[in-house]
Amino acid sequence: MGRYCGKPSNYSVPASVRFWKHVDKQGPLPPTRPDLGRCWVWLSGRDSKGYGRFFYNGSKLAHRVAYELETGKPVPDNLTVDHLCENKACVNPAHFAIVTALENQLRFARNQTHCRNGHCYAEVGFYIARKSRGTVTRRCKACCKATRKRNYVSQAKPWVKKGRPPKQRLVITIEPSG
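These notes cover the structure that comes with them. Keep in mind the model is a prediction, meaning the values are calculated, not measured.

1. A closer look at helix α2 (residues 62-71)
Turning to step 1, where the next piece is worked out: Looking at α2, one finds that the buried residues are Ala62, His63, Val65, Ala66, Tyr67 and Glu68.
Turning to step 2, where the next piece is worked out: Those residues of α2 that are buried lie in contact with α1 (15-20), β4 (41-42), β5 (53-55), β6 (59-61), β7 (80-83) and β8 (96-99).
Turning to step 3, where the next piece is worked out: Once α2 finishes, glycine 72 follows within two positions and takes phi at roughly 85 degrees, a positive value.

Put into structure tokens, the structure is as follows:
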């Protein structure tokens, strides 16, 4: 059959054949875990976070499809796939650990040594913050301080922004005589 809106309407080729033709099995060795072997890099479409996407019973994450094709069973809905190699485009099932979302977040946080602006957590310190959906994150103290200062200056009076003192005003007080 033909295509409609860019999505195939009928597949004559099995999903496993379609899937594996988009994989480079000679990918790089993970720098943090070379003992795992080479990454199998997803070469086709990726989402905004860098994870591969594949159309198989609806649009799915490519690493979940790889796990399902290799093991014959899907990833349970209450669990997530943790990339031990830390490569979001990797679809090598030997690089996966099936864990809870909280365990996945804790493993990720343990491996982070610097904030996105390059400050070392060990040197400047960090705050533990809980987001609205219950997820836990670290906030760099240096970045938080810079944000507070930037917000203070933007909300301050105009003379504070320019770095000059306010104009001196003449104040006259009249004392009642009596």
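2. What about the packing of aromatic side chains?
Turning to step 1, where the next piece is worked out: Evaluation of the coordinates by the stated rule reveals five aromatic pairs.
Turning to step 2, where the next piece is worked out: For the pair phenylalanine 19 and phenylalanine 54, a centre-to-centre distance of 5.2 Å together with 90 degrees between the ring planes defines the contact as edge-to-face. Taken as a pair, phenylalanine 19 in helix α1 and phenylalanine 54 in strand β5 lie far apart in primary sequence, 35 residues in all. Here the two residues phenylalanine 19 and phenylalanine 54 agree in accessibility, since each one is buried.
Turning to step 3, where the next piece is worked out: The ring of tryptophan 20 has lysine 25 sitting right over it, with the charged end atom 4.9 Å from the ring centre.
Turning to step 4, where the next piece is worked out: Note that lysine 25 overlies the ring of tryptophan 40, its terminal NZ or CZ placed 4.4 Å from the centroid.

3. Thoughts on the nonpolar core
Turning to step 1, where the next piece is worked out: The biggest cluster of nonpolar side chains holds 16 residues, and the ones touching the most others in it are Phe19, Trp20, Val23, Trp42, Phe54, Ala66 and Val91.
Turning to step 2, where the next piece is worked out: Contact partners of phenylalanine 19, with chain neighbours within four places excluded, come to Trp42, Phe54, Ala62, Val65, Ala66, Leu69 and Val91.
Turning to step 3, where the next piece is worked out: Membership of the second largest hydrophobic core comes to six residues, among which are Leu36, Cys39, Cys85 and Cys90.

4. Notes on the pattern of salt bridges
Turning to step 1, where the next piece is worked out: All chains considered together, the criterion is met by four salt bridges.
Turning to step 2, where the next piece is worked out: Linking arginine 33 and aspartate 35 is a salt bridge whose minimum nitrogen-to-oxygen distance equals 3.2 Å.
Turning to step 3, where the next piece is worked out: You can call arginine 33 partly exposed: its relative accessible area is 30%.
Turning to step 4, where the next piece is worked out: Aspartate 82 is the salt-bridge partner of arginine 107, the closest N and O atoms lying 2.9 Å from each other. Of this pair, arginine 107 sits in helix α3 (residues 101-111) while aspartate 82 sits in strand β7, and the two are 25 residues apart along the sequence.
Turning to step 5, where the next piece is worked out: Looking at arginine 107, the relative accessible area reads 24%, which means it is partly exposed.
Turning to step 6, where the next piece is worked out: For aspartate 82, a relative accessible area of 8% corresponds to the buried category.

Calculation criteria
Residues numbered from 1 in each chain as written. Predicted model: local features only at pLDDT ≥ 70, side-chain atom pairs only at ≥ 80, totals over all residues. Heavy atoms only, no water. Buried < 20%, exposed > 50% of the residue type's maximum accessible area, 1.4 Å probe, protein only. Helix = DSSP H or I, 4+ residues; strand = E, 2+ residues; numbered from the N terminus. Contact = heavy atoms within 4.5 Å. Phe/Tyr/Trp six-rings, centres within 6.5 Å; stacked < 30°, edge-to-face > 60°. Lys NZ or Arg CZ within 6 Å of the ring centre and 35° of its normal. Core = buried A, V, L, I, M, F, W, Y, C linked by side-chain atoms within 4.5 Å. Salt bridge = Lys/Arg side-chain N within 4 Å of Asp/Glu carboxyl O.

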